[in-house]
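Architecture at a glance
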Amino acid sequence: MSTTEAYRRFRRRLLVTMTMLALLATAVVAWQLASSASDREQAIRKQTQHYARAIEAHVLSTIQLSDIALLGFSNAIKVAPYTPQTIDSLLSSRGAFFGSNFWITFLDPNGYAAASSRDIAVKGVNYADRDYFQAQLKPGNGLFIGEPTIGKVSKSRLFFLSRRVEDADGKFLGVIVAPVDASNLAETFENSRLSEDVTITLFHTNGHIVARAPLFDQTFNRDIRDSNVYRAFGSNPTGTINTVSPIDKKSRIASYRKLPNLPLVVTVGNSNVGLALISQRQFLIAGVALFLIFTLILAAIVYALRSFAAAEERERRYRILYATSTETEKKLASSEQRLRLIADNLPIVIAYMDRDEHYSFKNRRFAEIYGNGEELQQVLPPELYAETKPHLERAFAGETVHFERGMQRKDQECCDAITYVPDRDEYGNVIGLFVMAEDISERKRHEESSKLATLMYENASEGMMVTDAEGRILSVNPAFSQISGYASEEVIGHLAYELTSSHQDIKFYSRMRQTITHTGYWEGEIWHQHKNGDHYLVRCVSTLCSMTKVTRCDTSPCSLILRRKRPPRKRSGNRLTSIT
């Protein structure tokens, strides 16, 4: 292991950084756990609160329905003749049956049951000791809800609603009572539970349970005044608390609501054991994640230290290698400089092109002729690149290629002699090309001038004229000067059309030119005007030839016109010339 000062500094900084990273990871995981637990607890609290509102609405509906029945019978008794037969008729099971939720019983002023809407044997049973009867002995109490108890006759688990009955003069006639079957409420609570962890409880403000799901039979009329919920609603009629149930000793989040103006409280509890289990599972997952993070941090520290030590060792070896190779590099640089100097002073283009047609070496002559393009397509116009591409493919296939290429350069038509020499690696694969290019434009011009001179002077006995594609005279031979009277310097640069007379119109010459352009040949007679003004008829043969000297490309046309004088045929004032 390295012991250099740089290594020790790096190790200290690395340990500090990784320690801070580990602490940050721990803080993030802890915050995430706390945030997740808080979110889940809030979700359970909202769920129990909504649950409690729904149960409150159902209980209020049941109470209101029973109270409406009490008020209806109380008013009916007031206006009807007060006899046992009348009351029994009003509350007979055939005329006033209210299903299984509750029924109606009338107690006389002494607490004896006089009649009931349900067919049970309650007549003559005394209920004077019950709280719902005692509460109505004094006028003005209104609706009273008694504590839960077992019915004397029905033996059902009930809680009682009662109202005082008076005649029109205010005389106490008795108490109308609605026994409500708590088991029906408990059944509704049971059907409303979404999971086994949910408990729903309705208890009286005196601390006794009216109905509960689950465990209704075991908890009916149970005293829960020692519970946290009972103590909480005394200071706040609605709320949500964390508590432990006195029934099953389980930890729950409980939401409670006291029914408005009634001595009843609804409680909905949701077990937070699942929350604790989820939290434990998340703590376990977080612990494993932190363990992996710390393991990775430790592995990163070890790897970084080893990498740094290896980098130091490599750097030491590089320094040694650099020291031993400096002299060699200087010699190579000197040789390269000499080679560059030689290449830059050669009169030909020298370059190196890789397989991507990219120039990795160019001498000074290359820049003078082709510019500063880095690739072949940047150096050549598209048509020349298309012309060069087949030669390039042959060279990359391993063949040494020589060819000539014409191009426009500085408003002049030039010609280059190109050579591609393949460069191969140790396996014989072509990896690039050595490129050599020589401007042979001047040599080509001399060759073409020589050919033109030979052509013009081979048949010096006939008049000859050479024009470019536009019909501009480039050269004439001496015989032409003798026939026309014009010296060569007088006609060169002029249009051949200027030598003609007005005997033929412009359409004639247009057709003539079109024929030459399309067929490459025309023969006929044309009226010309001599320098002295005489008009004479000539027989003309015109052909196309390729003159790279005159035009941009090898296929550009020129016109060749041959003339010969012929003996006069008509008036002595005219001279007839034959062209062959």
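What you see is a predicted model, and the numbers here were worked out from it, not measured in a lab.

**Looking at the environment of Glu 41**
- Looking at where Glu 41 falls in the secondary structure, it is placed in helix α1 (residues 5–79).
- Residue Glu 41 is classed as partly exposed on the basis of its relative accessible area of 24%.
- Sequence separation between Glu 41 and Ile 253 is 212 residues; the distance between their C-alpha atoms is 8.4 Å.

**Considerations on unusual backbone geometry**
- Residue Pro 214 follows Ala 213 across a cis peptide bond; omega there is 5°.
- As for its placement among the helices and strands, Pro 214 is situated in the loop between β8 (209–213) and α5 (216–219).
- If you check the backbone angles, Leu 215 has positive phi at about 60° while not being a glycine.
- As for its position among the elements, Leu 215 is in the loop between β8 and α5.
- Here Leu 215 falls in the partly exposed class, since its relative accessible area comes to 38%.
- With phi around 65°, Glu 357 is a residue other than glycine that occupies positive phi space.
- With respect to the helices, strands and loops of the structure, Glu 357 is situated in the loop between β12 (349–354) and β13 (359–362).

**Structural notes on the environment of Arg 118**
- Relative to the helices and strands, Arg 118 resides in the loop between β2 (113–116) and α3 (131–134).
- Taking the C-alpha atoms as reference, Arg 118 lies 9.2 Å from Phe 102; in sequence the two are 16 residues apart.

**Some words on the sheet that holds strand β7 (residues 198–204)**
- Strands sit in the order β8-β7-β11-β10-β9 across an open sheet of 5 strands; the sheet is antiparallel. Looking at the sheet topology across the chains shown, the edges are occupied by β8 and β9 (238–244). Taking each pair of neighbouring strands and ignoring which way they run, the sheet shows an average axis angle of 20°.
- Pairing of β7 with β8 involves 4 bridges; the strand directions are antiparallel. Residue Leu 202 lies in a different strand from β8, and its bridge partner there is Ala 211.
- Contacts from α1 reach β7, β9, β10 (251–258) and β11 (264–271) within the one sheet, and its direction differs from that of β11 by about 150°.

**A word on the confidence of the model for the protein**
- Averaged over every residue, the pLDDT of the protein is 80; residues scoring 70 or more account for 88%.
- Segment residues 547–580: pLDDT under 50, and 102 contacts once partners within four positions in sequence are set aside and those in other chains are kept.

**A few points about the packing of α1 against helix α4 (residues 182–192)**
- The N-to-C vectors of α1 and α4 enclose an angle of 155°; their axes lie 12 Å apart at closest approach. Judged on the interaxial angle alone, α4 and α1 are roughly antiparallel. Remark: the crossing between α1 and α4 carries right-handed chirality. The residues of α4 that touch α1, namely those facing Tyr 51, Ile 55, His 58, Val 59 and Thr 62, are Leu 185, Thr 188, Phe 189 and Ser 192.
- Of the residues contributing to the contact of α1 with α4, the split by class is 5 nonpolar, 4 polar and no charged.

**Describing the pattern of salt bridges**
- Within this structure, the stated rule accounts for 18 salt bridges.
- Here Arg 317 and Glu 313 are joined by a salt bridge, their closest N and O atoms 3.2 Å apart. Residue Arg 317 and its partner Glu 313 are both found in helix α7 (residues 273–345); the two are separated by 4 residues, about one turn of the helix.
- For Glu 313, a relative accessible area of 28% corresponds to the partly exposed category.
- One salt-bridge network, in which partners are shared between bridges, spans Glu 5, Arg 8 and Arg 12.

**A word on the state of the cysteines**
- Considering all chains together, one arrives at 0 disulfides under this definition.
- In this structure Cys 415 is not part of a disulfide, and its nearest cysteine sulfur, from Cys 414, lies 8.8 Å away.
- Relative accessible area serves as the criterion here: at 13%, Cys 415 is assigned to the buried category.

**Quick word on a nonpolar patch on the surface**
- Together, Leu 284, Val 288, Phe 291 and Leu 292 give the surface a local cluster of nonpolar side chains, amounting to about 420 Å² of exposed area.
- For Leu 284, the position within the fold is in helix α7.
- Given a relative accessible area of 59%, Leu 284 falls into the exposed group.

**Side note on the packing of aromatic side chains**
- Inspection of every chain in the model, using the stated rule, returns 10 aromatic pairs.
- The structure contains a cluster of three or more aromatic residues connected by ring pairs, namely Phe 203, Tyr 230 and Phe 233.

**Some details on the nonpolar core**
- Grouped together as the largest cluster of nonpolar side chains are 41 residues, with contacts concentrated most on Val 59, Ile 104, Phe 159, Ile 176, Phe 189 and Leu 264.
- Looking at this core, the elements that each hand over two or more residues are α1, β5 (157–166), β6 (172–181), α4, β7, β8 and β11.
- With 10 residues, the single largest contributor to this core is α1.
- Leu 264 has contacts with Val 59, Ile 63, Ile 145, Phe 159, Leu 202, Phe 203, His 204, Thr 205, Val 210, Arg 257, Lys 258 and Leu 259, leaving out every residue within four places of it along the chain.
- Judged by nonpolar contacts, the second largest core, of 24 residues, contains Val 349, Tyr 359, Leu 384 and Met 407.

**Regarding helix α14 (residues 506–519)**
- Taking 1.5 Å per residue as the helical rise, α14 with its 14 residues ought to reach 20 Å, and the 20 Å between its terminal C-alpha atoms agrees with that figure.
- Taken as a whole, α14 has its buried residues at Phe 508, Tyr 509, Met 512 and Ile 516. When α14 is viewed along its axis, its buried side chains cluster within an angular range of 95° and face the same direction. In this structure, α14 carries Ile 506, Lys 507, Thr 517 and His 518 as exposed residues pointing more than 90 degrees from its buried face.
- The inward-facing, buried residues of α14 contact β19 (521–529) and β20 (535–544).
- Gly 520 occupies a position one or two residues after α14 and carries a positive phi of about 80°.

Conventions used here
Residues numbered from 1 in each chain as written. Predicted model: local features only at pLDDT ≥ 70, side-chain atom pairs only at ≥ 80, totals over all residues. Heavy atoms only, no water. Helix = DSSP H or I, 4+ residues; strand = E, 2+ residues; numbered from the N terminus. Buried < 20%, exposed > 50% of the residue type's maximum accessible area, 1.4 Å probe, protein only. Pairing = 2+ DSSP bridges. Axes fitted to C-alpha atoms, helices over the stretch in contact; angles between N-to-C directions. Contact = heavy atoms within 4.5 Å. pLDDT = per-residue confidence, 0-100. Parallel < 35°, antiparallel > 145°, perpendicular 65-115°, else oblique. Left-handed = near helix turned anticlockwise from the far one by under 90°. Nonpolar A, V, L, I, M, F, W, Y, C, P; charged D, E, K, R; others polar. Salt bridge = Lys/Arg side-chain N within 4 Å of Asp/Glu carboxyl O. Disulfide = S-S within 2.5 Å. Patch = residues over 30% accessible without salt bridge, like charges linked within 9 Å, V, L, I, M, F, W, Y side chains within 5 Å. Areas by Shrake-Rupley, 256 points an atom, 1.4 Å probe, with all protein chains shown as cover. Phe/Tyr/Trp six-rings, centres within 6.5 Å; stacked < 30°, edge-to-face > 60°. Core = buried A, V, L, I, M, F, W, Y, C linked by side-chain atoms within 4.5 Å. Expected span 1.5 Å × (residues − 1). Arc of directions from axis to C-beta.

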